[in-house]
Structures are given as structure tokens and as C-alpha cells.
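Listed here are the chains, written in short residue letters.
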Amino acid sequence: MAAADTFGAVSPALFVNGSQVALKHTPLSISGFIYLPVREVFENLGGVVAWDNDRGAALVKIDGRDLTIKGDGEGLLKDDTLYIPAQSLSQMLNYHVVLNDGQAVRLYQ
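The structure presented is a predicted model; accordingly, all values stated were derived computationally and were not measured.

Next up on the list: unusual backbone geometry. If a residue is not glycine, its phi is most likely negative; likewise, a peptide bond is most likely trans. At Asp63, a residue that is not glycine, the phi angle is positive and equals roughly 50 degrees. Examined against the element boundaries, Asp63 turns out to sit in the loop between β7 (57-62) and β8 (65-70). Even without being glycine, Asp80 reaches a positive phi, approximately 65 degrees. Following the sequence through the fold, Asp80 ends up in the loop between β9 (76-78) and β10 (81-85).

Considering all chains together, one arrives at four salt bridges under this definition. Where Asp52 meets Arg55, a salt bridge forms, and the shortest distance between an N and an O atom there is 3.8 Å. A relative accessible area of 44% means that Arg55 is categorised as partly exposed. Across the pair Asp79 and Lys78 runs a salt bridge whose closest N-O atoms are separated by 3.3 Å. Take Asp79: its relative accessible area is 67%, and that puts it in the exposed class.

Let us look at the packing of aromatic side chains. Describing an aromatic ring pair means giving the distance of the ring centres and the angle of the ring planes. Tallied over the full model, the rule gives zero aromatic pairs. Lying over the aromatic face of Phe15, Arg106 brings its terminal NZ or CZ to 4.2 Å of the ring centre.

This next bit is on the pairing of strand β5 (residues 33-37). Each regular strand shows side chains that alternate between the opposite faces of the sheet. For β5, a buried count of four out of five residues is recorded, marking the element as mostly surrounded by other parts of the structure. Here three bridges tie strand β4 (residues 28-30) to β5, and the two strands are oriented antiparallel to one another. Of the residues in β5, the one forming a bridge with Ile30 is Phe33. Hairpin connection from β4 to β5: two residues lie between these consecutive antiparallel strands, with Ser31 at a positive phi of about 50 degrees.

What follows concerns the sheet that holds strand β6 (residues 48-52). Here three strands make up an open sheet; going across it, the order is β6-β7-β8 and the pairing antiparallel. Since the sheet does not close on itself, it has two edges, and those belong to β6 and β8, each with one partner. In this sheet, adjacent strand axes meet at a mean angle of 20 degrees when their direction is disregarded. Bridge count between β7 and β8: six bridges; the pairing is antiparallel. Residue pairing in the sheet places Val60 in a bridge with Leu67 of β8.

The rules behind these values
Residues numbered from 1 in each chain as written. Predicted model: local features only at pLDDT ≥ 70, side-chain atom pairs only at ≥ 80, totals over all residues. Heavy atoms only, no water. Helix = DSSP H or I, 4+ residues; strand = E, 2+ residues; numbered from the N terminus. Salt bridge = Lys/Arg side-chain N within 4 Å of Asp/Glu carboxyl O. Buried < 20%, exposed > 50% of the residue type's maximum accessible area, 1.4 Å probe, protein only. Phe/Tyr/Trp six-rings, centres within 6.5 Å; stacked < 30°, edge-to-face > 60°. Lys NZ or Arg CZ within 6 Å of the ring centre and 35° of its normal. Pairing = 2+ DSSP bridges. Axes fitted to C-alpha atoms, helices over the stretch in contact; angles between N-to-C directions.

As far as function goes, none of this settles anything; it's purely spatial.
This is the structure:
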């Protein structure tokens with residue numbers, strides 16, 4: 001896998017249903033895909049996130065659904081933070097994902 005590149009001096013802003021969300025962990029750009037920190041994104045969407053050390057996976061409860069995101073599967077584990085491609089949120093949660101040239105990631109229900 002290619003080395004992870006961050007978005008340079010300015011990190012892309014994250015917006016959920018039109019409201020900007022502050023992120024503690026900087027999103028990553030890898031091979032044209034934007035990866036977002038799992039815990040921060042799902043908690044901002046109203047979910048509860050727990051880490052299963054034995055499985056190396058985040059266990060997410062959101063909107064009556066149970067999701068498992070593995071660090072060696074659909075997620076990317078980097079520096080003790082699990083990231084997920086922004087586009088995957090569209091499939092997992094039926095959110096619309098709009099990417100604005102590395103300047104913003106917009107999630108709409």
C-alpha cells in the first residue's frame with residue numbers, strides 16, 4: 001500500500017448535514033481516497049463506538065444497526081486510529097458523500 005499523505009497545510013473540513021464538525025485526527029488521502037477517523041465520524045453521527053482488541057475492529061452501534069469495521073479490512077489502522085474511506089459511509093449508512101477537491105467532505109442524510 002502506498003504511504004499515507006495528509007492534505008498538506010490545510011486539512012479538509014468535515015460537514016455533517018450542513019454543520020461543520022471539528023476533528024481531532026487529520027483525515028488521510030491515499031491513492032485518491034479520503035479516509036476519515038472512525039470514532040470521531042460515527043460519534044458525530046450519533047453512534048456509539050467500542051474497540052475490540054481481540055478482533056482488531058471497531059464495533060459501531062448506529063441507527064439500530066451493528067457494524068464491525070476491521071483495521072485490516074475496509075478500515076485502515078494508523079497510529080492507533082482507525083480510518084475508513086469516506087465513500088464507504090455512503091454504502092454503510094445511506095449517507096450522500098460529497099468530496100470538494102480536498103477542501104471539504106460533506107455528509108448528508
